[in-house]
Amino acid sequence: MSTKRIAGPEIEKLIQLLAKVPGLGPRSARRAALHMIKKKDQLMGPLAAALAEAVDKVTECSVCGNVDTVDPCSICTDPRRDDTTLIVVEDVSDLWALERAGAMNAKYHVLGGTLSPLDGIGPDDLNIKKLVDRIAEGGVSELILAVNATVEGQTTAHYITDQLSGFEVKVTRLAHGVPVGGELDYLDEGTLSAALRSRTNF
Ligand code: ZN
């Protein structure tokens, strides 16, 4: 059985590449490709230029592991941020989420994943040594472990806490509990019991 070609190889290649973008399957990739083709001047051209520029300039921050077009990144060099609080996240997407929330004016450290022995991911595969070095330099009084509430996330949090046991730094983690607007009846048991354990004074 052969699949019929519906477009030239350049368009087929575009669709195949778009289908690799998270959130886009083959169907959405075809729609996105067609949309861009129709908007060649307004969208496809500028997008191609933006991609080329990003490929050229994107780099990883040698201090915190964030992605940016400058190294050290814009967050690390921002003088208005609080140097004494460091928020540890698994991925840049988590950093972006926390920045969108806008609750803290701190600096970050991006681990680049979580410890996962089953997948062969150990401490050396993550940006942990640099984190310990940053703490050893002094100046950080609180480290907030903003890792996911998964087994891997919590394992990673414990490992980091162990590594920092010799330093004068307060290690905290995100509260686990009832989401804002959440109804108890709809929560899973894990979330509900975590919320009970981390109850606060009224
Ligand atoms: Zn940085």
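The rules behind each value
Residues numbered from 1 in each chain as written. Predicted model: local features only at pLDDT ≥ 70, side-chain atom pairs only at ≥ 80, totals over all residues. Heavy atoms only, no water. Helix = DSSP H or I, 4+ residues; strand = E, 2+ residues; numbered from the N terminus. Rg over C-alpha atoms; globule rule 2.2 N^0.38 Å. Buried < 20%, exposed > 50% of the residue type's maximum accessible area, 1.4 Å probe, protein only. Contact = heavy atoms within 4.5 Å. Donors = N, O, S within 2.8 Å, 3.2 Å for Na, K, Ca; no water. Tetrahedral: all angles 85-135°; square planar, octahedral: opposite > 155°, others 65-115°. Pairing = 2+ DSSP bridges. Axes fitted to C-alpha atoms, helices over the stretch in contact; angles between N-to-C directions. Salt bridge = Lys/Arg side-chain N within 4 Å of Asp/Glu carboxyl O. Core = buried A, V, L, I, M, F, W, Y, C linked by side-chain atoms within 4.5 Å. Parallel < 35°, antiparallel > 145°, perpendicular 65-115°, else oblique. Nonpolar A, V, L, I, M, F, W, Y, C, P; charged D, E, K, R; others polar. Patch = residues over 30% accessible without salt bridge, like charges linked within 9 Å, V, L, I, M, F, W, Y side chains within 5 Å. Areas by Shrake-Rupley, 256 points an atom, 1.4 Å probe, with all protein chains shown as cover.

Moving on, we come to the overall build of the protein chain. Secondary structure assignment for the protein chain yields seven helices and six strands. For the protein chain, the α and β elements follow one another from N to C terminus as α-α-α-β-β-β-α-β-α-β-α-β-α. Rg of the C-alpha trace for the protein chain: 22 Å, well past the compact-globule value of 17 Å for 202 residues, more than 25% over. Taking the principal axes of its C-alpha atoms as reference, the protein chain extends roughly 60 × 45 × 35 Å. For the protein chain, with 202 residues in total, the buried portion stands at 29%. Within the protein chain, counting contacts between residues at least 6 apart in sequence, those at least 24 apart form 49% of the total.

Once that is clear, we can look at the coordination of the zinc ion. Within the protein, the atoms that donate to the zinc ion are Cys 61 (SG), Cys 64 (SG), Cys 73 (SG) and Cys 76 (SG), at distances of 2.3 Å. Here the zinc ion binds four donor atoms, and the angle range of 104 to 114° at the metal identifies the geometry as tetrahedral. Mapped onto the sequence, the residues coordinating the zinc ion show the spacing C-x2-C-x8-C-x2-C. Residue class for Cys 76 comes out buried when judged on its relative accessible area of 13%.

Pairing in this open sheet of four strands is parallel, and the strands run S4-S3-S5-S6 from one edge to the other. Each edge of the open sheet is held by one strand with a lone partner, namely strand S4 (106-110) and strand S6 (170-173). Each adjacent strand pair in this sheet contributes to an overall mean axis angle of 25°, direction not counted. Pairing geometry for strand S3 (residues 82-89) and strand S5 (residues 142-145), over four bridges, is parallel. Its bridge partner lying in S5, Val 88 is registered against Leu 145. Packed onto the sheet, helix H5 (residues 129-136) meets S3, S4 and S5 and runs at close to 145° relative to S4. Packed on one face of the sheet, helix H6 (residues 151-163) meets S3, S5 and S6 and runs near 160° to S5.

Glancing now at the pattern of salt bridges. If you walk through the whole model with that rule in mind, you get six salt bridges. The closest approach of N and O atoms between Arg 80 and Asp 78, which form a salt bridge, is 3.2 Å. Between Asp 133 and Lys 129 there is a salt bridge, with the nearest N and O atoms lying 3.1 Å from each other. Of the two residues, Asp 133 and Lys 129 are both situated in helix H5; the distance of four residues between them amounts to about one turn of the helix. Where salt bridges share partners, they join Asp 78, Arg 80, Arg 81 and Glu 99 into one cluster.

For the rest of this paragraph, the subject is the nonpolar core. Counting 17 residues, the largest nonpolar core has Val 88, Ile 135, Leu 143, Ile 160 and Leu 164 as its most contacted members. At the level of elements, S3, H5, S5 and H6 are the ones that each hand at least two residues to this core. Ranked by residue count, the leading element in this core is H5, at three residues. Leaving out residues up to four positions away in the same chain, Leu 164 has contacts with Val 132, Ile 135, Leu 143 and Val 169.

Okay, the packing of helix H2 (residues 26-38) against helix H3 (residues 40-57) next. For the pair H2 and H3, interaxial distance at closest approach is 6 Å and the crossing angle is 115°. The pairing of H2 with H3 is recorded here as roughly perpendicular in orientation. Along its contact with H2, which presents His 35, Met 36, Ile 37 and Lys 38, the element H3 presents Lys 40, Leu 43, Met 44 and Leu 47. Grouping the constituent residues of the contact of H2 with H3 by class yields five nonpolar, one polar and two charged.

A word on unusual backbone geometry. Between Asp 71 and the following residue, Pro 72, the backbone shows a cis peptide bond with an omega angle of -5°. Inspection of the secondary structure assignment puts Pro 72 in the loop between strand S2 (67-68) and S3.

With that settled, the discussion passes to a nonpolar patch on the surface. Residues Ile 11, Leu 34 and Ile 37 make up a contiguous nonpolar surface patch of about 220 Å² in total accessible area. Within the fold, Ile 11 resides in helix H1 (residues 9-18). Here Ile 11 falls in the partly exposed class, since its relative accessible area comes to 33%.

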